[in-house]
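Chain by chain, the residues run as shown.
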Amino acid sequence: MSVENAPVVDVDEAAIPVEKKMYYRFESNDKKEFRVSELAIQQSETLNRLVEAMGYTSEDVENKPAIAIENIDGKTLKLVFQWCEHHKGEAIPVDDGSVPKIVEIPEFDAKLMDIDNGLLFKLIWAADYLNIVQLLNVSCKKVANMAQGKTPAQLRRVYLLPSDEEDEAAKRAAQEAQDPRAREVEEEFEERKRQGGNSFF
Amino acid sequence: MEPSRKKMRMTLRSDSKKSAVQPLLKLPKLPLLAQINVIKMMTPPEQYLLSKCSKRTCQMVKTSMPKNNSHEIWVKFGRDPDFRICVIVQYYLKIAETIVLIHTDIGKFSSEKHKFFCDLFKAPTEVYAIWPKFDPRFDKFPTNCAIRRTNLLEYR
């Protein structure tokens, strides 16, 4: 029977194994390589747009060099891609703007984020950079949970929040670093005032 | 001398081990979107306590509040069950059909504190008072506040 004469049958496309299942290769800033499925990449808006723009074929994926992600190290990227593979095919949540924002941490995510705060910090930066909405939500929820039952003094310690004085000092230092001449003028003005001069100019 | 020196060294080691295991998380160094997300996921009392940490955190909490919300600050007056002469002032945040206790004060109602809550949670500045025998002429309640509703909690 020729192809033209073959009977047309309605089939559930999701039940058919995908013939061209592409695995993209990514490289972290410490030269660690990862193979990530096309479906898992869809969780990241940034990577999804990038691979779409590149328009790689399955041959390109194997033959061309791995796509470099300069800002993220291997340890963090491994967590990111583990998360993406586990949640592949899931709908990306839309923020309805409600406060407090209700987010639940699934068991897999809780285990994945059973890491030290330094790595959690990098994971949040990576989720933000790669625009992975749900990973950003759950990681932020973990940070928000740290505030439970804390006093303002304890919150300052947990989140390393600078005091008003420290903020002022940092602001002044930043201003001075931006305009070193401003400090010179101020010192000159103070010196003239001490000498009893009435006019500065 | 020797035992006390030994003891001191042990204390230092245990402290350094603790900090090595769990480094703290620098909230102000997170991306702005993440900072706002973190604050949005906190409960209103936690948001209030965070706002008390510094001017910057106060501004962060204000930034995280949605502009068009249905927030209202309700104030409930009562007396301490143990010390009957003490007046208790409780500040609640009403979001849609939910009412959350934000803070409890003992003593006078403070219009400055009420204004702070309204400003923080982007709520209207009218005082929504809940008091079974409410009397605006009472000396612990400043008369310059606009009184919109009374006894609302009693009906729920």
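Predicted model only: the values in this text are computed from it and were never measured. (Residues numbered from 1 in each chain as written. Chains lettered and ligands numbered in written order. Predicted model: local features only at pLDDT ≥ 70, side-chain atom pairs only at ≥ 80, totals over all residues. Heavy atoms only, no water.)

1. Thoughts on the overall build of chain B
Scanning chain B from N- to C-terminus turns up 5 helices and 5 strands. Seen in sequence order, chain B has helices and strands lined up from the N terminus as α-α-α-α-β-β-β-α-β-β. A total of 156 residues make up chain B; the buried ones form 43% of that total. Within chain B, contacts between residues separated by at least 24 positions form 45% of all contacts whose residues are at least 6 apart in sequence. Accessible area for chain B stands at about 9,500 Å²; split by element, carbon and sulfur atoms hold 56% of it. (Helix = DSSP H or I, 4+ residues; strand = E, 2+ residues; numbered from the N terminus. Buried < 20%, exposed > 50% of the residue type's maximum accessible area, 1.4 Å probe, protein only. Contact = heavy atoms within 4.5 Å. Areas by Shrake-Rupley, 256 points an atom, 1.4 Å probe, with all protein chains shown as cover.)

2. Section: the domain arrangement of chain B
Residues and elements named next belong to chain B. For chain B, the domain assignment lists domain 1 (26-64) and domain 2 (72-155). Each partner contributes residues to the interface: domain 1 has 9 residues there, and domain 2 has 13 residues. Note on domain 1 versus domain 2: buried area summed over both sides is about 890 Å², and carbon and sulfur give 71% of it. Sorting the residues of domain 1 by area buried against domain 2 places P44, Y48 and K62 first, and these three jointly supply 64% of that buried surface. Linking domain 1 with domain 2 are 1 salt bridge, by the criterion used here. Across the salt bridge formed by K62 and D119, the nearest N and O atoms sit 3.0 Å from each other. Our count for the contact surface shared by domain 1 and domain 2 stands at 2 residue pairs in polar contact (both at pLDDT 80 or more). Mapped by element, the contributors of at least two residues to the side of domain 1 that touches domain 2 are α3 (44-51) and α4 (55-64). Ranked by the residues each element gives to the side of domain 1 that touches domain 2, the list is headed by α3, at 5 residues. Here the residues of the side of domain 1 that touches domain 2 are counted per class, giving 5 nonpolar, 2 polar and 2 charged. (Domains from an automatic or database assignment. Buried area = accessible area lost by both parts, 1.4 Å probe. Salt bridge = Lys/Arg side-chain N within 4 Å of Asp/Glu carboxyl O. Polar contact = N/O pair within 3.5 Å; in protein donor to acceptor, adjacent residues only side chain to side chain. Nonpolar A, V, L, I, M, F, W, Y, C, P; charged D, E, K, R; others polar.)

3. A closer look at the packing of aromatic side chains
One pass over the full model with this rule turns up 8 aromatic pairs over all chains. An angle of 35 degrees between the planes, with centres 5.4 Å apart, marks the rings of F26 of chain A and F81 of chain A as tilted. Residue F26 of chain A is located in strand β1 (residues 23-27), and its partner F81 of chain A is located in helix α4 (residues 74-86); the two are separated by 55 residues in the primary sequence. Between Y48 of chain B and F117 of chain B, the aromatic rings sit 4.8 Å apart at their centres with planes inclined by 50 degrees, giving tilted as the arrangement. On the criterion of sequence distance, the pair formed by Y48 of chain B in helix α3 and F117 of chain B in helix α5 (residues 111-120) is long-range, its members being 69 residues apart. Judged by relative accessible area, which is 3%, Y48 of chain B ranks as buried. Using a relative accessible area of 0% as the deciding quantity, one classes F117 of chain B as buried. Put simply, the rings of Y48, F77, Y91, F109, F116 and F117 of chain B pair up and form one aromatic cluster. When the ring centre of F116 of chain B is taken as reference, the NZ or CZ atom of K52 of chain B above it lies at 4.9 Å. (Phe/Tyr/Trp six-rings, centres within 6.5 Å; stacked < 30°, edge-to-face > 60°. Lys NZ or Arg CZ within 6 Å of the ring centre and 35° of its normal.)

4. Some words on the side chain of D109 of chain A
Residue and element names in this part refer to chain A. Mapped onto the elements, D109 comes out in helix α5 (residues 107-112). Despite its burial, D109 pairs with no opposite charge; the closest candidate is K111, at 11 Å N-O. Every residue in contact with D109, bar those within four places of it in the chain, is listed here: W83, H87 and V138. (Lys, Arg positive; Asp, Glu negative; His and termini not counted.)

5. Thoughts on the side chain of H71 of chain B
Summarising the element assignment, H71 of chain B is placed in the loop between α4 and β1 (72-79). In this view, H71 of chain B contacts V99 of chain A together with M65, L93, K94, I95, F121, K122, A123 and P124 of chain B; residues no more than four positions away in its chain are not counted.

6. Brief notes about the environment of K67 of chain B
All names here are of chain B. Among the structural elements, K67 can be located in the loop between α4 and β1. By relative accessible area, which is 72% here, K67 ends up exposed. When the C-alpha positions of K67 and H114 are compared, they lie 19 Å apart, and in sequence the two are 47 residues distant.

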